[in-house]
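Chain and residue survey
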Amino acid sequence: MSFETLNLHESLTRALTTAGYTAPTEVQQRAIPPALAGQDLMVSSSTGSGKTASIMLPALMRVLASSSQPRPPRGTVAGPRVLVLTPTRELAMQVAKAAMDYGRFVPHLSVCTVVGGVPYGLQLKQLRGPLDILIATPGRLIDHLESGKAQLGNVEMLVLDEADRMLDMGFIDPIHHIAKATPKARQTVMYSATF
């Protein structure tokens, strides 16, 4: 099986080829098609199995599908189309790097990372601009939601990456709070090494 058989956009298959990937892993073969079909998913797969690509490729396809819609004017807080929650800053940075690597040929792709331990200034600037994908830790995102700086009313896809770790770390209430700020009609995808 090749990435082309997964019906991915040419810009994504080109990025995968550029990155040296030749064929999808098992989790990518099994998770990408239902994710592209808009299904809610619970995916369990070990570390290093290709989970991040199986998250980001459908997310980027969603961004590409909506790229024909007009973008809000600069300075308008419209919020992201895709929201990825991670338990740690380090994982958020890894997911953001993957989004940029796989989306390198996606025109005008905007990815923002909102995590603790970094100054608010850059995050606030990114949240004000047109935004496709927001990758965040729950605590810092709650800060931005409560201050009105983050808007989640346009989220089409909510991803909980390492969902079991987030629950183990006591993030159940923040996750509920964040989920309530997103549309009920969204797609929800949960990934974990174990459930």
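For clarity, every value in this text was computed on a predicted model and none was experimentally measured.

The backbone of N7 sits at a positive phi, close to 60°, despite the residue not being glycine. Unlike most non-glycine residues, H108 shows phi in positive territory, near 60°. Following the sequence through the fold, H108 ends up in the loop between helix 4 (89–102) and strand 3 (111–114).

Attention now goes to the packing of helix 3 (residues 51–65) against helix 4. Between helix 3 and helix 4, the least distance of the axes is 10 Å, while the angle of their chain directions is 55°. In terms of orientation, helix 3 and helix 4 fall into the oblique class. For the pair helix 3 and helix 4, the sense of crossing is right-handed. Contacts from T52, A53, M56, L57 and L60 in helix 3 reach V95, A98, A99 and Y102 in helix 4. Residue composition of the contact of helix 3 with helix 4, by class: eight nonpolar, one polar and no charged.

This paragraph deals with the pairing of strand 2 (residues 82–85). Residues of strand 2 alternate between two faces, with V82 and V84 on one and L83 and L85 on the opposite face, all of them buried. Here strand 2 pairs with strand 4 (residues 133–136) via four bridges, running parallel. Opposite L85, over in strand 4, you have A136 as the bridge partner. Taken together, the four bridges between strand 2 and strand 5 (residues 157–161) define a ladder with parallel strand orientation.

Put simply, the largest pocket is a space of about 510 Å³. Listed by contribution, the elements that provide at least two residues to the lining of the largest pocket are helix 3 and helix 4. No other element matches the six residues that helix 4 contributes to the lining of the largest pocket.

Once that is clear, we can look at the side chain of T86. Structurally, T86 is set in the loop between strand 2 and helix 4. At a separation of 3.1 Å, a polar atom in the side chain of T86 contacts the main-chain carbonyl oxygen of T88. Not counting the four nearest positions on each side in its chain, T86 is found in contact with L91, A92, V95, I135, A136, T137, P138, D161 and M166.

Moving on: the packing of aromatic side chains. A full pass over the atoms with the stated rule returns one aromatic pair. Cation over ring: R14 sits above F105, and NZ or CZ is 4.0 Å from the ring centre. Taking NZ or CZ as reference, R140 lies 3.9 Å from the ring centre of Y120, over its face.

Our focus in this paragraph is the sheet that holds strand 4. Strand order in the open sheet formed by six strands is 1-6-5-2-4-3, and the pairing between neighbours is parallel. Of all strands in the sheet, those with a lone pairing partner are strand 1 (41–44) and strand 3, marking the two edges. Averaged over all neighbouring strand pairs, the angle between strand axes comes to 15°, with direction disregarded. Together, strand 3 and strand 4 form the strand contacts of helix 5 (residues 120–128), whose direction differs from that of strand 3 by roughly 140°.

Rules used in this analysis
- Per chain, residue numbering runs from 1 following the sequence as it is written.
- Reporting in this predicted model follows two pLDDT cut-offs: at least 70 for local features of residues, and 80 or more for side-chain atom pairs to be given and counted; totals over whole chains, interfaces and linings ignore these cut-offs and use all residues.
- Here the side-chain values reflect all heavy atoms present in the structure, with hydrogen atoms and water set aside.
- Under the scheme used here, helices are H or I runs from DSSP no shorter than 4 residues and strands are E runs no shorter than 2 residues, and both carry numbers assigned from the N terminus.
- Axis lines are fitted to C-alpha atoms, over the contacting stretch for helices. Their N-to-C directions set the angle, which ranges from 0 to 180 degrees.
- Each angle gets one of four labels, with under 35 degrees taken as roughly parallel, over 145 as roughly antiparallel, 65 to 115 as roughly perpendicular, and the rest as oblique.
- A crossing counts as left-handed when the near helix is turned anticlockwise from the far one by less than a right angle, and as right-handed when that turn is clockwise.
- By definition in these notes, contact holds between two residues if any of their heavy atoms fall within 4.5 Å.
- Three classes are used: nonpolar for Ala, Val, Leu, Ile, Met, Phe, Trp, Tyr, Cys and Pro, charged for Asp, Glu, Lys and Arg, and polar for all others, with Gly counted as polar.
- A 1.4 Å probe rolled over the protein chains alone gives each residue an accessible area, and that area as a share of the maximum for its type sets the label: buried under 20%, exposed over 50%, partly exposed in between.
- Note: two strands are recorded as paired if DSSP finds a minimum of 2 bridges between them.
- Throughout, the protein atoms alone are placed on a 1 Å grid, and a set of points is a cavity if a 1.4 Å probe fits but cannot get out or a pocket if it is open with protein on both sides within 12 Å along at least five of seven lines; lining residues have an atom within 4 Å of a point.
- Grid points are joined across faces, edges and corners, and a volume is the space filled by probe spheres set on the points.
- Polar contact is defined as a pair of N or O atoms within 3.5 Å, subject to the rule that within protein one atom must be able to donate a hydrogen and the other to accept it, and that residues adjacent in sequence are counted only when both atoms are side-chain atoms.
- By convention, a stacked pair of Phe, Tyr or Trp rings (six-membered ring in the case of Trp) has centres within 6.5 Å and planes under 30 degrees apart, an edge-to-face pair has planes over 60 apart, and any other such pair is tilted.
- The criterion is that NZ of a Lys, or CZ of an Arg, lies within 6 Å of the ring centre and within 35 degrees of the ring normal, and then a charge sits over that ring.

So yeah, pure geometry; function would need other evidence.
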